[in-house]
Amino acid sequence: MDFNVKKLASDAGVFFTRAVQYTEEKLGQAEKTELDAHLENLLARGDCTKNWTEKIFRQTEILLQPNPSARIEEFLYEKLEKKIPLRITNAEVLGQYMQDAAKEFGPSTPYGSTLITVGEYQKRIGAVEREFIHASAVGFLNPLRNFLEGDWRIISKERRLLENYRLDLDACKARLKKAKLAEAKAALWSEEVEKAEQELRVAQTDFDRQSEVTRLLLEGINSTHVNHLRCLHEFVKAQAAYFAQCAVHMQDLQKELSSANDDTFPNAFVGNPSMSVIAPGPSPLSTAAPPGTSPPGRTSASPGPLDPVVTLKIGEVKPPATGTRKAKVLYDYEAADVSELSLLADELITVYTVPGMDPDWLIGERGNQKGKVPVTYLELLS
């Protein structure tokens, strides 16, 4: 009991001495021993590694599990060293909802059968996602967590010891300085100087030894970077495999849907011949269409570089009969290349077609100028 009391009193005295030294340093009333430049650089590098590793770890957790409640639950299971229950992915939930809805709508109906098919592929994507999450957790998250909760905690502990030994060293330096000042006034203080010098030698030895230990641990950060680099490659590999498998499933789904017969997919959604997608509309340099209307789109298979918008054309534009005809230009049109002819609204030009030409285009002539023009910009005159 006496030993414990003495030790407690000694620890309290050391703590008080360190607190006094730290406070005086902050107030500029005491000198501070500076660490060597190499050790300072290692400390800064270690802090940088810890901070960014922590940010990357947290954001990767959010990427793999966006639900914060689920992350907290998984964290508690890990701390309690219990097995995390199997958690289905959002894609799997969506797939199950689709298949349940198909039962209500009727599996034999076009909509119901399609829901069943799409739901099955959503489940497959969910299974692939679950495999990706597991692979990323094992190959990437766990090594980062091990560094933060293992290696970095050891480094932090040794850094605190180094700081404590530095405070002890500077406190001993301050006592020795005071003892020498007192010795100059009275010879009776010689024993106090000798005691202060002995304490300083011990403090210097402890500080030097702890500096070396801390330096060796911090130099191990390079090995940590190499390990994290390998884990990063594993993460990218798992992510690439995940996206590749998702792409394969989606391609297979599209093929299966497109190969279905007309009874499965109503004409209202696919295969409607009266509606076709045509190339982008007129360039931004063309003038505006008359009020209440919009310029028709161009139908060239190779649209010009300034065409920004995809429009829909109802029905087909019938080409004029072979032969020369007059046509009135409805809208301004700027040629996309040398093979086309620029047009001005309200002008009259001569147009004709040639065998094998795209029916949505004509050959237009204006004096000595000649080039392709879009039919939808013209009003053919009889």
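Residues numbered from 1 in each chain as written. Predicted model: local features only at pLDDT ≥ 70, side-chain atom pairs only at ≥ 80, totals over all residues. Heavy atoms only, no water.

## Overview of the nonpolar core
Inference 1: In this structure, Phe132 and Leu218 are the most contacted members of the largest nonpolar core, which totals 33 residues.
Inference 2: Going through the elements one at a time, helix H2 (37–64), helix H5 (110–185), helix H6 (190–219) and helix H7 (221–258) are the ones with two or more residues in this core.
Inference 3: The element best represented in this core is H5, accounting for 15 residues.
Inference 4: Once residues within four sequence positions are removed from consideration, Phe132 is found in contact with Leu64, Phe235, Ala238, Gln239 and Tyr242.
Inference 5: Within the second largest apolar cluster, 17 residues are counted, among which are Val329, Tyr331, Tyr333 and Trp361. (Core = buried A, V, L, I, M, F, W, Y, C linked by side-chain atoms within 4.5 Å. Buried < 20%, exposed > 50% of the residue type's maximum accessible area, 1.4 Å probe, protein only. Helix = DSSP H or I, 4+ residues; strand = E, 2+ residues; numbered from the N terminus. Contact = heavy atoms within 4.5 Å.)

## Focus: the environment of Gln239
Inference 1: Take Gln239: it is sitting in helix H7.
Inference 2: Given a relative accessible area of 22%, Gln239 falls into the partly exposed group.
Inference 3: With near-sequence residues (within four places) excluded, Gln239 lies in contact with Leu63 and Phe132.

## Considerations on the sheet that holds strand S6 (residues 369–374)
Inference 1: If you trace the five strands from one edge of the open sheet to the other, you get S6-S5-S4-S3-S7, paired in antiparallel fashion. If you trace the sheet from one side to the other, it starts and ends with S6 and strand S7 (378–380), each paired once. Geometrically, the sheet is characterised by an average inter-axis angle of 40 degrees between neighbouring strands, direction not taken into account.
Inference 2: With three bridges joining them, strand S4 (residues 348–352) and strand S5 (residues 361–366) adopt antiparallel strand pairing. Along S5, the bridge assignment pairs Thr350 with Glu365. (Pairing = 2+ DSSP bridges. Axes fitted to C-alpha atoms, helices over the stretch in contact; angles between N-to-C directions.)

## Points about the pattern of salt bridges
Inference 1: Summed over all chains, the structure comprises 14 salt bridges.
Inference 2: Between Glu54 and Lys50 there is a salt bridge; the shortest N-O distance is 3.4 Å. Of this pair, Glu54 and Lys50 both sit in helix H2, four residues apart, roughly one helical turn.
Inference 3: For Lys50, a relative accessible area of 21% gives the class partly exposed.
Inference 4: Connected via shared salt-bridge partners are Arg58, Glu61 and Arg145. (Salt bridge = Lys/Arg side-chain N within 4 Å of Asp/Glu carboxyl O.)

## Structural notes on H2
Inference 1: Over its 28 residues, H2 extends 40 Å from the first C-alpha to the last, a length consistent with the 40 Å expected when each residue adds 1.5 Å.
Inference 2: The complete set of buried residues in H2 reads Leu39, Leu42, Leu43, Gly46, Thr49, Thr53, Phe57, Thr60 and Leu64.
Inference 3: A side-chain oxygen of the first residue of H2 lies 3.2 Å from the backbone nitrogen of His38; this N-cap is Asp36. (Expected span 1.5 Å × (residues − 1). Polar contact = N/O pair within 3.5 Å; in protein donor to acceptor, adjacent residues only side chain to side chain.)

## Some points on the pairing of strand S3 (residues 325–329)
Inference 1: Taken together, the four bridges between S3 and S4 define a ladder with antiparallel strand orientation. Bridging from a neighbouring strand, Lys328 pairs with Leu348 of S4.
Inference 2: Bridge count for S3 against S7 is three bridges, and the pairing is antiparallel. Residue pairing across strands places Ala327 opposite Leu380, the latter belonging to S7.

## Examining the confidence of the model for the chain
Inference 1: Residues of the chain with pLDDT of at least 70 account for 77%, and the chain-wide mean is 80.
Inference 2: Per-element confidence in the chain ranges from a low mean pLDDT of 36 for strand S2 (residues 310–314) to a high of 94 for H2.
Inference 3: Confidence drops under pLDDT 50 across residues 261–294; counting only partners more than four residues distant or on other chains, this segment forms 69 contacts.
Inference 4: This model gives residues 297–321 a pLDDT under 50, and the stretch forms 71 contacts once residues within four places in sequence are excluded. (pLDDT = per-residue confidence, 0-100.)

## Some words on the packing of aromatic side chains
Inference 1: For the coordinates displayed, the defined rule picks out eight aromatic pairs.
Inference 2: Each ring, one from Phe140 and one from Phe235, has its centre 4.8 Å from the other, and the planes form 20 degrees; the classification is stacked. Taken together, the residues Phe140 in helix H5 and Phe235 in helix H7 connect sequence positions 95 residues apart. Neither Phe140 nor Phe235 differs from the other in exposure class; each is buried.
Inference 3: Judged by centre distance (5.1 Å) and plane angle (45 degrees), the ring pair of Tyr242 and Phe243 falls under tilted.
Inference 4: Exposure remark for Tyr242: the relative accessible area of 15% places this residue in the buried category.
Inference 5: Taken together, the aromatic side chains of Phe132, Phe140, Phe235, Tyr242 and Phe243 make up a single cluster linked through ring pairs.
Inference 6: Directly above the ring of Trp52 sits Lys55, whose terminal nitrogen or CZ lies 4.5 Å from the centroid. (Phe/Tyr/Trp six-rings, centres within 6.5 Å; stacked < 30°, edge-to-face > 60°. Lys NZ or Arg CZ within 6 Å of the ring centre and 35° of its normal.)

## What to know about the packing of H2 against H7
Inference 1: One can describe the packing of H2 onto H7 by two numbers: an axis separation of 12 Å at closest approach and a directional angle of 20 degrees. Considering the angle they form, H2 stands roughly parallel to H7. Crossing handedness for the pair H2 and H7: left-handed. Of the residues in H7, those touching H2 at Arg45, Gly46, Thr49, Thr53, Thr60 and Leu63 are Ile221, Asn222, His225, His228, Phe235 and Gln239.
Inference 2: Each residue belonging to the contact of H2 with H7 can be placed in one class, and the counts come to three nonpolar, eight polar and one charged. (Parallel < 35°, antiparallel > 145°, perpendicular 65-115°, else oblique. Left-handed = near helix turned anticlockwise from the far one by under 90°. Nonpolar A, V, L, I, M, F, W, Y, C, P; charged D, E, K, R; others polar.)

## Topic: the pairing of S5
Inference 1: As judged from the six bridges shared by S5 and S6, these two strands associate in the antiparallel manner. Residue pairing in the sheet places Glu365 in a bridge with Lys370 of S6.
Inference 2: Here S5 hands over to S6 after two residues, with Gly367 in that stretch at a positive phi of 65 degrees.

## A look at the side chain of Asp168
Inference 1: Topologically, Asp168 is positioned in helix H5.
Inference 2: Look at Asp168 and you get buried, because its relative accessible area is 18%.
Inference 3: When near neighbours in sequence (up to four residues on either side) are disregarded, Asp168 contacts Val14, Arg18 and Ala203.

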